[in-house]
Amino acid sequence: MKGPELLIQGARLWGGPRADLLVRGGRIAALGTGLDAGPDTERIDAAGCLALPGYVDAHAHVDKTLWGLPWQPHQAGPTLLDRIENERRVMKELRLSSELQSARLLRHMVARGTTHVRTHVDVGLDMGLAYLHGVQAMHAAHSEFIDLEIVAFPQTGVMIRPGTLDLLDQAVLAGAQVIGGIDPIGVDQDPKGQLNAIFAIAERRGCGIDIHLHDRGETGAMTIAMIAERTRTLGLKGRVAISHAFCLGGLEPERLEQMIELLLDNDIAIMSHGPVGGIPFPPVRLLAERGVRLFTGSDGVRDCWSPLNTGDMLERAYLIAYLNGLRDDPGLELALRMATYGGAQLMGAQDYGLEVGCAADLVLVPAECAAEAVALHPRPRWVLKRGRVVARDGRDLLPPLD
Ligand SMILES: [Zn+2]
């Protein structure tokens, strides 16, 4: 749906001067000072708020959030496999609707300024394609408010759970745009098996790849090398992402350089969300300086994995800056780029940005500049999706859920 003509007056632009933005037909029609518009044009007095492109949460798990439910104490053990098993148990007990849960969370994300989401959706023996269908139904009802890309995600493993591979293939045929994977060594103990299988689906179906890689140290590095090799062999340069890649935070400098070269040669993007609890994480400033594509996301928001993530991408940028010690303005802006342009590029959002002709997916936040926005991470005063105001002062303006 195209919104009405709208004139945003007195905004600050990221890295630029104060300016007005004229929005017409869902797009930025003009930028400049003293812009005029007809008497029927709606007006927003931005009062010096900073205009940013809509936030991009490019690594979420909206299908299994507990958002909107009573507080659930976190009960998972410390290891990855503990968390997987705990989640299987809780999700069986709660029997939640992925359609309703994802709708609850997406509304909150919109309220906090997110306009684009890449979500991993569990596909496996426990739920088949039910979560996928639930999220797709939710998006059909919310497509004018948010752009959504789905990764078919084998949370509980691929090779150790025979039948999962077929389900992943079916999920892509059913509309998932990206095929996922998870720790081919740590979870499956069969890196060739899992990687060959999911790369075969990507080649056959023409979809991208986004692999969760929590394995640390040399185990993770070996996996990156295997991913890079298959990316090159199958001509999938620029179509592959690795999420978390904790191993990049714990390698000797020489080995890290080898990894960076592999990432650059194959244009593999890296997602870091700033993990809690002393887990190593990719050195984002170094990777960005070397030209590695970076993006970020909320990961699981109030789910069985962690109660700590909030679905606020400006806060996420702050956490990345905090954990990486990014105190100067270029560093703070790097964290914000991961939460905006980095994710938009990953999702192939062609008309994303703050230039004339771009989709009017905008956030107006009370901050002098991008660096201050990250440092203070205030809630947005206005959020626009394709030129329409969809949130105001931290609350979404969407029709109520039935
Ligand atoms: Zn994840």
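Before reading further, recall that the structure is shown in the block above.
Counting restarts for each chain: residues are numbered from 1 in the order of the written sequence. Under the rules for a predicted model, residues below a pLDDT of 70 receive no local features and side-chain atom pairs below 80 are neither given nor counted, while totals for whole chains, interfaces and linings still include all residues. Neither water nor hydrogens contribute to the side-chain values; these are computed over all heavy atoms in the structure.

## Considering the pairing of strand β14 (residues 362-365)
Both faces of β14 are covered, namely the face carrying L362 and L364 and the face carrying V363 and V365. Both β14 and strand β15 (residues 382-385) contribute to a ladder of three bridges, which runs antiparallel. Each bridged residue has a counterpart across the sheet, and for L362 the counterpart in β15 is L384. Throughout, exposure labels follow a simple rule: accessible area from a 1.4 Å probe, protein chains only, divided by the maximum for the residue type, with under 20% read as buried, over 50% as exposed, and the rest as partly exposed. Secondary structure is summarised from DSSP: a helix means a run of H or I of at least four residues, a strand means a run of E of at least two, and numbering begins at the N terminus for each. Paired strands, as defined in this entry, are two strands with at least two bridges between them according to DSSP.

## Topic: the coordination of the zinc ion
Only nitrogen, oxygen and sulfur atoms qualify as donors, provided they sit within 2.8 Å of the metal or within 3.2 Å for Na, K and Ca; with water excluded from the atoms, sites may seem incomplete. Distances from the zinc ion to its protein donors, H59 (NE2), H61 (NE2), H212 (NE2) and D299 (OD), fall at 2.1 to 2.3 Å. One can describe the donor arrangement at the zinc ion as irregular, given that its four donor atoms subtend angles of 89 to 168 degrees at the metal. For four-coordinate sites, all angles between 85 and 135 degrees define a tetrahedron; for four- and six-coordinate sites, opposite donors beyond 155 degrees with the remaining angles between 65 and 115 define square planar and octahedral shapes respectively, and all other cases count as irregular.

## Quick word on the packing of aromatic side chains
Note on aromatic contacts: the rings of Phe and Tyr and the six-membered ring of Trp form a pair at centre separations within 6.5 Å, being stacked when their planes are under 30 degrees apart, edge-to-face when over 60 apart, and tilted otherwise. In total, this model carries three aromatic pairs according to the counting rule given. A ring pair is formed by W14 and Y341, whose centres lie 5.8 Å apart and whose planes are at 50 degrees; its orientation type is tilted. On the criterion of sequence distance, the pair formed by W14 in the loop between β1 (6-13) and β2 (18-24) and Y341 in helix α10 (residues 329-346) is long-range, its members being 327 residues apart. Relative to Y322, the ring of Y318 lies with its centre 5.8 Å away and its plane at 45 degrees, an arrangement referred to as tilted.

## Notes on the layout of surface pockets
As a volume, the largest pocket reaches approximately 660 Å³. Cavity means a closed set of points on a 1 Å grid over the protein atoms alone, one where a 1.4 Å probe fits but cannot get out, pocket means an open set with protein on both sides within 12 Å along at least 5 of 7 lines, and lining means a residue has an atom within 4 Å of a point. Forming the walls of the largest pocket are 32 residues, and the residues nearest its centre are R83, H214, F246, I279 and W305. Gly falls in the polar group here, along with every residue not listed as nonpolar (Ala, Val, Leu, Ile, Met, Phe, Trp, Tyr, Cys, Pro) or charged (Asp, Glu, Lys, Arg). Here the lining of the largest pocket is built from residues that sort into twelve nonpolar, 13 polar and seven charged. Grid points are joined across faces, edges and corners, and a volume is the space filled by probe spheres set on the points. The computed volume of the second largest pocket comes to approximately 290 Å³. Lining of the second largest pocket is provided by 17 residues; of these, M91, K92, D126, M127 and Y131 occupy positions nearest its centre. Contributions of two or more residues to the lining of the second largest pocket are made by α1 (80-94) and α3 (130-142).

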